[in-house]
Amino acid sequence: MDIDLSFQAMTMTAKQFSEMSKNFIRETMVTTGAKKAIDKLTAPIWSWGQRNALYPLHFGIACCALEMAASSGARFDAERLGIIYRSSPRQSDVLLVNGWISAKIRPSLKALYEQMPAPKWVIAMGECSISGGPWYDAYNVIQGVDTFLPVDIYIPGCPPRPDALLDGFLKLNRKITAENRGSFLED
Ligand code: SF4
C-alpha cells in the first residue's frame, strides 16, 4: 500500500475501509491467478453443498402440489435427500411449479422467482406447468412456465407421482454436479 493509500485509509469510515480492502484483496487475487486456482480447488465443495441442500419454495398451485406433499411424507421421505421446503423465497433456491399458471398468477410467480437468491433453479412439475396440460390453448392459462422463466428440469405426468418428483430432484442434483460452479470471491 503506498503513502497516498494509507493516508486515505486514515480518513475513511469503517465501511469504506472494508470496501477498499475487499477490492484490494480481490484485485490481487485476480492478477496473481490465485482466485482461479482457489476456484478450481473449491468449486466441487460449493457444488457438493448446493446439490445436497436444495430448499424448494413451499408453494402449491394446483393438484400436483398434493404429490409434492406426499413426497415429503413418511413413505417417500424427501428430506433424506436434503430436500427441505422453505416458506420464504429469500431462503429458497428451487422454484417448483406444480400446477397451471393462469394469466393472473403469472406476475406473482415471476416476483417470487426474482426474490430468490442466486444460484437458483426451476422445476416444471406436471403437464400444466410444462405446456398448459388440459388447458392447452386456453385464453387465460400460460402455455408453459418456460415462456417466462428458465426451466432446468421437466417432470411430465398428470400428476407425476412422488417418486417421479424425487427423480426430478436427483436429475437436478446431477445437473448441479455437471455445472460445478461456485466461486471463492464474486466474479
Ligand atoms: S398436471 Fe394434472 S395433476 Fe398436475 S396440476 Fe395439471 S391437471 Fe392437476
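How each quantity is defined
- Residues numbered from 1 in each chain as written.
- Predicted model: local features only at pLDDT ≥ 70, side-chain atom pairs only at ≥ 80, totals over all residues.
- Helix = DSSP H or I, 4+ residues; strand = E, 2+ residues; numbered from the N terminus.
- Rg over C-alpha atoms; globule rule 2.2 N^0.38 Å.
- Domains from an automatic or database assignment.
- Near = placed C-beta within 6 Å.
- Nonpolar A, V, L, I, M, F, W, Y, C, P; charged D, E, K, R; others polar.
- Core = buried A, V, L, I, M, F, W, Y, C linked by C-beta atoms within 7 Å.
- Buried ≥ 20, exposed ≤ 12 C-beta atoms within 10 Å, placed from the backbone.
- Contact = placed C-beta atoms within 7 Å.
- Right-handed = clockwise from strand over helix to strand, strands pointing away.
- Axes fitted to C-alpha atoms, helices over the stretch in contact; angles between N-to-C directions.
- Parallel < 35°, antiparallel > 145°, perpendicular 65-115°, else oblique.
- Left-handed = near helix turned anticlockwise from the far one by under 90°.
- Expected span 1.5 Å × (residues − 1).
- Pairing = 2+ DSSP bridges.

S.K.: I would appreciate a short explanation of the overall build of the protein chain in the present structure.
M.R.: A tally of regular secondary structure across the protein chain gives seven helices and three strands. Counting helices and strands in the order they occur from the N terminus, the protein chain gives α-α-α-α-β-α-β-α-β-α. Computed over its C-alpha atoms, the radius of gyration of the protein chain comes to 21 Å, more than 25% above the 16 Å expected for a compact globule of 187 residues. When its C-alpha atoms are laid out on the principal axes, the protein chain stretches across 70 × 35 × 25 Å.

S.K.: How do you make sense of the domain arrangement of the protein chain when you look at a structure like this?
M.R.: You'll often see interface size given as the accessible area lost when the parts meet. By domain assignment, the protein chain separates into domain 1 (18-51) and domain 2 (64-179). Inter-centroid distance (C-alpha atoms) of domain 1 to domain 2 is 32 Å.

S.K.: Would you explain the site of the ligand in this entry?
M.R.: Taken together, Ala62, Cys63, Cys64, Gly99, Trp100, Gly126, Glu127, Cys128, Gly133, Pro134, Cys158 and Pro159 make up the full set of residues adjacent to the ligand. Class assignment of the residues belonging to the shell around the ligand gives a composition of eight nonpolar, three polar and one charged.

S.K.: Can you walk me through the nonpolar core in this structure?
M.R.: One broad rule of soluble globular proteins: the nonpolar side chains tend to lie buried together. Among the nonpolar cores identified, the biggest contains 33 residues, and Leu96, Val97, Val122, Ile123, Ala124 and Met125 are the most heavily contacted of them. Considering each element in turn, this core owes the most residues, five residues, to strand β2 (residues 121-125). With sequence-adjacent residues up to four places away left out, isoleucine 123 is seen in contact with Val94, Leu96, Val97, Asp152, Ile153, Ile155, Gly168 and Leu172.

S.K.: Whenever I open this one, the pairing of strand β1 (residues 94-97) confuses me. Can you help?
M.R.: Where a strand is regular, its side chains alternate between the two sheet faces. Going residue by residue along β1, you find Val94 and Leu96 tucked away on one face and Leu95 and Val97 tucked away on the opposite face as well. With respect to chirality, the unit in which β1 leads through helix α5 (residues 106-115) into the neighbouring parallel β2 is right-handed.

S.K.: Would you mind showing me how to read the packing of helix α3 (residues 34-51) against helix α7 (residues 162-179) here?
M.R.: Each pair of packed helices can be described by the angle between their axes along with the distance between the axes. Two elements in contact, α3 and α7, have axes whose closest approach is 9 Å; the angle formed by their N-to-C orientations is 165°. In terms of their interaxial angle, α3 and α7 are classed as roughly antiparallel. Taken as a pair, α3 and α7 cross one another with a handedness that is right-handed. On α7, the residues that touch Ser47, Gln50 and Arg51 of α3 are Asn173, Ile176 and Thr177. Tallied by class, the residues present in the contact of α3 with α7 amount to one nonpolar, four polar and one charged.

S.K.: Even after reading the chapter, I still don't get helix α2 (residues 14-32), so can you show me in this structure?
M.R.: Every α-helix carries 3.6 residues per turn, so stepping three or four residues along brings you back to the same face. Taking 1.5 Å of rise per residue, 19 residues should cover 27 Å, and α2 covers 27 Å from first to last C-alpha, within 8% of that figure. Counting buried positions along α2 yields zero of 19 residues, so the element is predominantly exposed. Of the residues trailing α2, glycine 33 is marked for its positive phi of about 85°.

S.K.: Is there a simple way to explain the sheet that holds β2 in this structure?
M.R.: Sheet strands pair via backbone hydrogen bonds, and the direction of the pair is either parallel or antiparallel. Spatial ordering of the open sheet is given by β1-β2-β3, a layout of three strands whose pairing is parallel. Of all strands in the sheet, those bounded by a partner on one side alone are β1 and β3 (153-155). On average, each strand axis in the sheet is inclined to that of its neighbour by 15°, with strand direction left out of account. Inspection of the sheet shows β2 paired to β3 by three bridges, in the parallel sense. Directly across from methionine 125, in β3, lies its bridge partner isoleucine 155.

S.K.: Where do I start with unusual backbone geometry in this structure?
M.R.: Most peptide bonds adopt trans geometry, and most residues besides glycine take a negative phi value. Note that the residue after alanine 118, namely proline 119, is joined by a cis bond; omega there is 0°. For the bond from cysteine 158 to proline 159, the omega torsion is -5°, close enough to zero to count as cis. Unusually for a residue other than glycine, aspartate 77 sits at a positive phi of about 50°. Unlike most non-glycine residues, aspartate 137 shows phi in positive territory, near 70°. Within the secondary structure, aspartate 137 sits in the loop between α6 (127-131) and β3. C-beta crowding within 10 Å serves as the criterion here: with 7 such atoms nearby, aspartate 137 is assigned to the exposed category.

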